[in-house]
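Each chain, written out:
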Amino acid sequence: MNRKNKIITISQLIIVGAFFIWGIFFRAESNSILPSNVLGMLTKVQTTSNWQNFLWCFSNNLAVLFIIFWLNYWTFGAVGTIWCANSAFTLGALIKFSIISKLWLSVIFMLLELVASVLMMIASMRQKFEKNYKKMLIYFLIIAVTLLVAAILETIVLKNM
């Protein structure tokens, strides 16, 4: 990776880290315990079948990251940075909620989704500047495995909510 790519990647990661910290300390309303971005997670529940919820979580996350990959590619990293910042903010807010409700698996699966998003953002930028297809397959394999584990954990969390 050349110097320009390293600077872009480091600046994107700093932005993601800042949004994570902001998410931890964010307070939506004075009496609110459950932030609205965490409520968005509940909309993923499709049925009472764990298998269908797992397939929905995995395919939804994979499809969204595929779209984000190309949008990030065409916008020179802007969309991917915004997506990762949003995920980091949600993770920060989710940590506070998990302390109260003792749902630590939700933090772990959200962290895995954030890791997959960051990897997708980096892979997209590398593809934009380096055109190395062999490394892209390795990135996609790591992202798919990460999302697979995240979907399993998310299915467990959704079952327990």
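What you are looking at is a predicted structure, and each value in this text was computed from that prediction instead of being measured. (Residues numbered from 1 in each chain as written. Predicted model: local features only at pLDDT ≥ 70, side-chain atom pairs only at ≥ 80, totals over all residues. Heavy atoms only, no water.)

## Examining empty space enclosed by the protein
Taking a probe equal in size to a water molecule and rolling it over the atoms shows the remaining empty space. Here is the rule: With a 1 Å grid spanning the protein atoms alone, the term cavity applies to any set of points in which a 1.4 Å probe fits but cannot get out, the term pocket to an open set with protein on both sides within 12 Å along at least five of seven lines, and the term lining residue to any residue with an atom within 4 Å of a point. Grid points are joined across faces, edges and corners, and a volume is the space filled by probe spheres set on the points. The secondary structure listing takes helices from DSSP runs of H or I that are at least 4 residues long and strands from runs of E that are at least 2 residues long, numbered from the N terminus.
Overall, the coordinates contain one cavity of 30 Å³ or more when judged by the stated rule. Empty space within the largest cavity amounts to approximately 30 Å³. Along the walls of the largest cavity sit Arg126, Gln127, Glu130, Asn132, Lys135, Met136 and Tyr139, which together make up its complete lining. Every element with two or more residues in the lining of the largest cavity is listed here: helix H5 (104-130) and helix H6 (133-160).

## Re the nonpolar core
What counts, and what does not: For the purposes of this section, nonpolar cores are sets of buried Ala, Val, Leu, Ile, Met, Phe, Trp, Tyr and Cys residues that join through side-chain atoms within 4.5 Å. Type-normalised accessible area, obtained with a 1.4 Å probe on protein chains alone, sets the label of each residue: buried when under 20%, exposed when over 50%, and partly exposed for intermediate values.
Counting residues in hydrophobic clusters, the biggest one holds 28 residues, and the most contacted among them are Leu65, Leu114, Val118, Ile143 and Leu147. Counting only elements with at least two residues in this core, the list comes to helix H3 (50-74), helix H4 (78-101), H5 and H6. For this core, the element with the most residues is H5, which contributes ten residues.

## Quick look at the side chain of Gln127
Applicable threshold: Contact between two residues is taken to exist if any of their heavy atoms lie within 4.5 Å; hydrogens are not considered.
Its place among the elements puts Gln127 in helix H5. A relative accessible area of 7% means that Gln127 is categorised as buried. Setting aside its immediate chain neighbours within four residues, Gln127 contacts Phe69, Tyr73, Asn132, Tyr133 and Met136.

## So, the packing of H4 against H5
This is how the line gets drawn: To obtain an axis, a line is fitted to C-alpha atoms, over the contacting stretch when the element is a helix, and the angle between two such axes runs from 0 to 180 degrees between their N-to-C directions. Angles below 35 degrees are treated as roughly parallel, those above 145 as roughly antiparallel, those between 65 and 115 as roughly perpendicular, and all remaining angles as oblique. Handedness of each helix crossing follows the sense of rotation of the near helix against the far helix: counterclockwise by less than a right angle gives left-handed, clockwise gives right-handed.
As a packed pair, H4 and H5 sit with axes 9 Å apart at the nearest point and diverge in direction by 170°. Between H4 and H5, the angle is such that the two are roughly antiparallel. Seen from above, H4 lies across H5 with left-handed handedness. For the pair H4 and H5, the contacting residues are Gly80, Thr81, Trp83, Cys84, Ser87, Ala88, Thr90, Leu91, Leu94, Ile95, Ser98 and Ile99 in the first and Trp104, Ser106, Val107, Met110, Leu111, Leu114, Ser117, Val118 and Met121 in the second.

## Re the pattern of salt bridges
The following threshold applies: Salt bridges are identified by distance alone: a Lys or Arg side-chain nitrogen within 4 Å of an Asp or Glu carboxyl oxygen.
Scanning the entire structure with this criterion turns up one salt bridge. Notably, a salt bridge pairs Arg126 with Glu130, separated by 3.2 Å at the nearest N-O pair. In this pair, Arg126 and Glu130 both sit in helix H5, four residues apart, roughly one turn of the helix. We classify Glu130 as partly exposed; its relative accessible area is 28%.

In short, the description is geometric, and any link to function would need to be established separately.
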